[in-house]
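# A structural walkthrough
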Amino acid sequence: MCEMNARSFMAVGVLSAGIMVGTLPTPANAQEAAASSWRASRTPWGDPDLQGTWTNVTATPLERPRALEGKQELTREELVEWEHQIVQEFSTDTVPPAGSAGSHNEYWRERGRLIKRTSLLVDPPEGKLPPLTPEGREIQAQLVTAWGTSPAHGPESRDLFERCITRGLPGAMMGNFYNDNYRILQTRGYVVILVEMIHDARIVPLHGRPHPSRQIQQWLGDSRGRWEGETLVVETTNLRSNRDRTISQGLGVITLGTSATARQGPLFEFSCHEGNYGPPGILTGHRVEENATAAALRR
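Here's what I pulled together on the structure shown here. Each chain has its residues counted from 1, running along the sequence as written. Only residues with pLDDT of at least 70 are given local features in this predicted model, and only at 80 or more are side-chain atom pairs given and counted; all residues enter the totals for whole chains, interfaces and linings. Side-chain measures here rest on the full set of heavy atoms in the structure, leaving out hydrogens and waters.

When a carboxyl oxygen of Asp or Glu is within 4 Å of a side-chain nitrogen of Lys or Arg, the pair counts as a salt bridge. Taken as a whole and assessed by the stated rule, the structure comprises 10 salt bridges. Residues Lys-116 and Glu-73 are paired through a salt bridge, measuring 3.8 Å at the closest nitrogen-oxygen approach. Taken together, the positions of Lys-116 in the loop between α3 (76-90) and β4 (121-123) and Glu-73 in the loop between β3 (52-55) and α3 put the pair 43 residues apart, joining distant regions of the chain. Partly exposed describes any residue whose relative accessible area lies between the buried limit of under 20% and the exposed limit of over 50%, with all areas from a 1.4 Å probe on protein chains only and scaled to the type maximum. Its relative accessible area of 48% is what places Lys-116 among the partly exposed residues. The salt bridge involving Glu-274 is made with Arg-163; its shortest N-O contact spans 2.9 Å. A residue pair is termed long-range when its members are at least 10 positions apart, and Glu-274 in the loop between β10 (254-262) and α5 (278-298) and Arg-163 in the loop between α4 (134-149) and β5 (181-187) qualify at 111 residues. The class of Arg-163 is buried, set by a relative accessible area of 13%. Numbering goes from the N terminus for both helices and strands, where a helix is a DSSP run of H or I of at least four residues and a strand is a run of E of at least two.

Positionally, Thr-237 belongs in strand β9 (residues 231-237). The buried category is assigned to Thr-237, whose relative accessible area is 3%. A distance of 3.1 Å separates the side chain of Thr-237 from the side chain of His-211, its partner in a polar contact. Whenever two N or O atoms come within 3.5 Å, that pair is a polar contact, provided that in protein one can donate a hydrogen and the other can accept it, and provided that, for residues adjacent in sequence, both atoms are side-chain atoms.

Let us look at empty space enclosed by the protein. Space left empty within the atom packing is revealed by a probe, the size of a water molecule, rolled over the atoms. A cavity here means a set of points on a 1 Å grid, drawn over the protein atoms and nothing else, where a 1.4 Å probe fits but cannot get out; a pocket is an open set with protein on both sides within 12 Å along at least five of seven lines, and a residue lines either one if it has an atom within 4 Å of a point. Grid points are joined across faces, edges and corners, and a volume is the space filled by probe spheres set on the points. Tallied over the full model, the rule gives 2 cavities of 30 Å³ or more. The space that makes up the second largest cavity amounts to roughly 50 Å³. In this structure, the second largest cavity is lined by Thr-60, Pro-61, Pro-65, Leu-68, Leu-74, Trp-82, Ile-86, Leu-114, Arg-117 and Thr-118. Each residue gets one of three labels, nonpolar for Ala, Val, Leu, Ile, Met, Phe, Trp, Tyr, Cys and Pro, charged for Asp, Glu, Lys and Arg, and polar for the others, Gly among them. A breakdown of the residues in the lining of the second largest cavity according to their chemical character gives 7 nonpolar, 2 polar and 1 charged.

Inspection of the secondary structure assignment puts Thr-53 in strand β3. A polar side-chain atom of Thr-53 sits 3.4 Å from the main-chain carbonyl oxygen of Gly-265.

Moving on, we come to the state of the cysteines. Note on terminology: disulfide denotes any pair of cysteine sulfur atoms within 2.5 Å. By the definition in use, this model includes 1 disulfide. Across the disulfide from Cys-164 sits Cys-272; the S-S distance is 1.6 Å. Its S-S torsion of about -55° marks the bond between Cys-164 and Cys-272 as left-handed, since a negative value means left-handed. Remark: Cys-272 occurs in the loop between β10 and α5 and Cys-164 occurs in the loop between α4 and β5; sequence separation between them is 108 residues. An identical accessibility class is assigned to Cys-164 and Cys-272; each is buried.

Right, let's get into α3. The end-to-end C-alpha separation of α3 is 21 Å, in line with the 21 Å expected for 15 residues at 1.5 Å each. Among the residues making up α3, those that are buried are Leu-79, Trp-82, Glu-83 and Ile-86. Buried residues of α3 fall within an arc of 110° about the axis and therefore sit on the same side. The exposed set on the far side of α3, more than 90 degrees from its buried face, consists of Glu-77, Val-80, His-84 and Gln-88. Multiply 1.5 Å by the residue count of a helix minus one, and that product is the helix's expected span. By construction, the arc corresponds to the directions joining the helix axis to the C-beta atoms.

In short, the description is geometric, and any link to function would need to be established separately.
In structure tokens:
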């Protein structure tokens, strides 16, 4: 475990028509690793040992900013400049508008540091998400309309993240604004990735058994893993329909990569559950708005 705690690994994701492949781990500098004889420590049954608590927090955006178009990596000087710019641009240390309780200020945020690449997306090489399919555009328009009118007829009209159910995939494996921590557990034939945010757990069998019928869909899909040398490759299918307010990026191939570093200590409980104070407050607030609108129309 000391060897694991002294290094980083790279996490790479590929999303194509509902299939996700993840590779874990390699040392932080993948090019140096390829030229070395580095090997991960082993579990008692001989698999590479990935176990421990990891964080993938980073300030590097998923897509390449317009100001950095055509530039894949930052120099040391540019890293310093862009970190300062990101802090200024995305700071939430602002006074909320009248009537709003506001959100988390910077004290609660975990921005992380920039990595050398200018986007987490490495394929397509321009660092941009591919266009949505016609179905994806339709769903996106529906979501924009829904958020614009802020419906709250019942809990089902709010999104899964807000209801503390799940972030789905690929969201669960991507950093957010805090709680970017993961606990990896291994047994013979299984790898479990416990996500701190929304307490999602990906259970990855390594037995080589086939995926179930496509009619069986889950928020985190159905994962199957295999070892390719020091790399764990995970293929995930049967992701639940995008019409349930999960993320849609169309059928283009998306590859993203980020590094994760070991951290000390346990993974703390994320005390978020459906039915907490948030949903009743949201529903009550919208009933008040509806009653006020109805009263105004009767005048």
